[in-house]
Amino acid sequence: METTHKSIRDTRVQKLTDLIDKGVNPYAYSYDKNASAKFLQEKYKDLEAGIETDDNYKVSGRIMAIRNSGMFIDLMDPTGKIQIFSHKENLSEDQLAIVKLLDVGDIAGFEGTIRRTPRGELSIKTTNVKILSKSLIPLPEKFHGLTDVEIRYRQRYVDMIMNEDVRDTFQKRSLIIQKIREYLAKQDFLEVETPTLQTMASGANARPFNTFHNALDMDLTLRIALELYLKRLIVGGVSERVYEIGKCFRNEGIDTRHNPEFTMIELYQAYADYNDMMTLTENMVAYVAQEVLGTTKIQYGENEIDLTPPWDRKTMLGSIKEVTGIDFLSFYTAQEAIEAARKINVHVDDNMNWGQVVEAVFEEKIEPSLIQPCHIIDYPREISPLAKIHRNNDRLTERFETRVNGWEIANAFSELTDPIDQRSRFEDQSKAKAEGDEEAMEIDEDFINALEHGMPPTGGMGMGIDRLVMLLTNSPSIRDVIAFPTLKPRA
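Residues numbered from 1 in each chain as written. Predicted model: local features only at pLDDT ≥ 70, side-chain atom pairs only at ≥ 80, totals over all residues. Heavy atoms only, no water.

J.: Can you help me understand the overall build of the protein in this one?
T.: Counting its regular elements, the protein contains 14 helices and 20 strands. Once the C-alpha set of the protein is aligned to its principal axes, its extents read approximately 90 × 55 × 50 Å. For the protein, the residues scored as buried account for 50% of the 491 residues in total. Looking at the protein alone, contacts between residues at least 24 apart form 66% of all its contacts between residues at least 6 apart. For the protein, the centre of its 60 positive side-chain charges and the centre of its 80 negative side-chain charges are spaced 7 Å apart. (Helix = DSSP H or I, 4+ residues; strand = E, 2+ residues; numbered from the N terminus. Buried < 20%, exposed > 50% of the residue type's maximum accessible area, 1.4 Å probe, protein only. Contact = heavy atoms within 4.5 Å. Lys, Arg positive; Asp, Glu negative; His and termini not counted. Charge placed at Lys NZ, Arg CZ, Asp CG, Glu CD.)

Shown next as structure tokens:
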């Protein structure tokens with residue numbers, strides 16, 4: 001296999017040399033194309049078989065097939081495929097010589113007139129050929145059939161060349177992000193940017209990546225969330241509605257829904273609460289689905305999921321009681337909650353607090369069944385250090401997480417704006433960190449200082465872009481929607 005691969009490469013290198021000997025630059029500087037495959041296929045969809053036109057176009061792309069010694073070439077660009085017809089009647093000897101030196105995988109430009117062959121294939125009857133980039137490594141014949149599927153992630157560029165559905169996924173990803181921005185612009189949100197390098201990990205419970213700045217002689221972390229700097233902007237009054245789409249980094253495990261580097265959107269709206277955030281979340285997702293897919297009813301795996309608003313709303317504790325019959329609000333100590341959880345075979349640790357036990361029971365007994373979109377509301381205070389206390393029950397907070405297909409796709413609060421309460425919550429987190437919880441937050445003095453200047457009532461929401469793309473493209477793994485996912489190097 002390696003010998004065959006080497007011999008093919010040697011043959012292509014010789015063709016490269018032959019091109020240079022003919023005075024042809026095999027790695028061109030530019031090409032003035034004026035049409036895409038999709039444009040031509042749509043414009044001439046009604047052109048009858050056997051009909052030729054005088055319409056002249058220049059196209060470029062990657063050669064995916066060569067037949068009849070180069071007479072027929074399948075050319076692919078990001079929009080689709082078109083056939084090239086190269087015949088000695090239309091090409092000079094020099095041009096025919098270039099055609100003979102072309103290989104599958106080469107990038108080339110072709111100029112010519114539009115015709116539809118007697119067999120019905122739309123083609124360009126080329127009068128000019130230009131090699132734009134000579135490919136030295138052959139493309140695989142059956143990329144989907146590789147035994148080692150990880151090579152698709154390691155060599156994503158080849159995956160994209162060979163698989164139209166992969167290209168489509170990443171084109172849809174770009175469009176999804178574009179439509180999120182479009183929706184928020186219509187709602188008068190201001191897009192902003194905040195620091196990626198931070199002095200402490202804050203805004204979420206997660207283990208950070210640590211780094212060091214030489215010139216300042218100081219430790220820094222990569223951000224785990226966008227939250228606290230966006231709230232500073234609300235305090236500063238730059239706008240009553242702000243959002244950021246950006247990378248976050250968490251030094252944690254990898255699975256089908258988690259990658260150490262991922263993309264989030266967080267948004268904050270002054271004078272709003274978590275009820276407003278529920279409405280915004282479902283309307284934004286439905287808008288994006290309609291714009292990108294043309295429908296709010298999507299297929300994910302075996303399930304049809306209806307994203308049409310309004311979405312169902314259930315309390316976390318109510319959903320647990322409905323399924324297990326246990327009312328965890330009736331327990332006032334962690335030990336009572338732990339004993340109740342163990343009776344229904346939920347694994348909990350002895351050092352968990354009441355809120356952590358409730359969360360563990362929910363994740364095991366309730367979460368997997370939430371296929372249709374649903375806002376799970378009113379989370380325990382102990383697991384929600386940045387959310388405002390519930391106005392009707394001080395053991396809870398005004399927080400929701402949106403679940404679709406059994407996943408969390410969004411997390412939102414009536415934001416905590418009381419600096420004294422915030423300090424107390426940070427102190428509880430700091431104590432947990434000192435006791436060994438690597439994901440707990442530290443006390444962010446500057447953020448508390450910002451709150452002490454006064455922050456208006458605010459609703460906030462964070463959503464994982466990668467998971468949303470997975471959902472809207474029916475992708476089974478987060479690696480399928482991240483162009484270059486984090487992978488362990490091969491020896």
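J.: Got a minute to help me understand the packing of helix α10 (residues 334–343) against helix α11 (residues 354–365) in this structure?
T.: It is at 8 Å that the axes of α10 and α11 come closest, and there the two elements cross at 20 degrees. The pairing of α10 with α11 is recorded here as roughly parallel in orientation. The handedness of the crossing between α10 and α11 is left-handed. Of the residues in α11, those touching α10 at A334, A337, I338 and A341 are W354, V357 and V361. Looking at the contact of α10 with α11 residue by residue, the classes come out as seven nonpolar, no polar and no charged. (Axes fitted to C-alpha atoms, helices over the stretch in contact; angles between N-to-C directions. Parallel < 35°, antiparallel > 145°, perpendicular 65-115°, else oblique. Left-handed = near helix turned anticlockwise from the far one by under 90°. Nonpolar A, V, L, I, M, F, W, Y, C, P; charged D, E, K, R; others polar.)

J.: Would you mind going over the sheet that holds strand β3 (residues 80–85) with me for this structure?
T.: In space, the five strands of this closed barrel follow the order β1-β2-β3-β5-β4, with mixed pairing throughout. Looking at each pair of strands side by side, their axes are set apart by 50 degrees on average, direction ignored. As judged from the eight bridges shared by strand β1 (residues 52–67) and strand β4 (residues 107–116), these two strands associate in the antiparallel manner. Residue K58 lies in a different strand from β4, and its bridge partner there is E111. (Pairing = 2+ DSSP bridges.)

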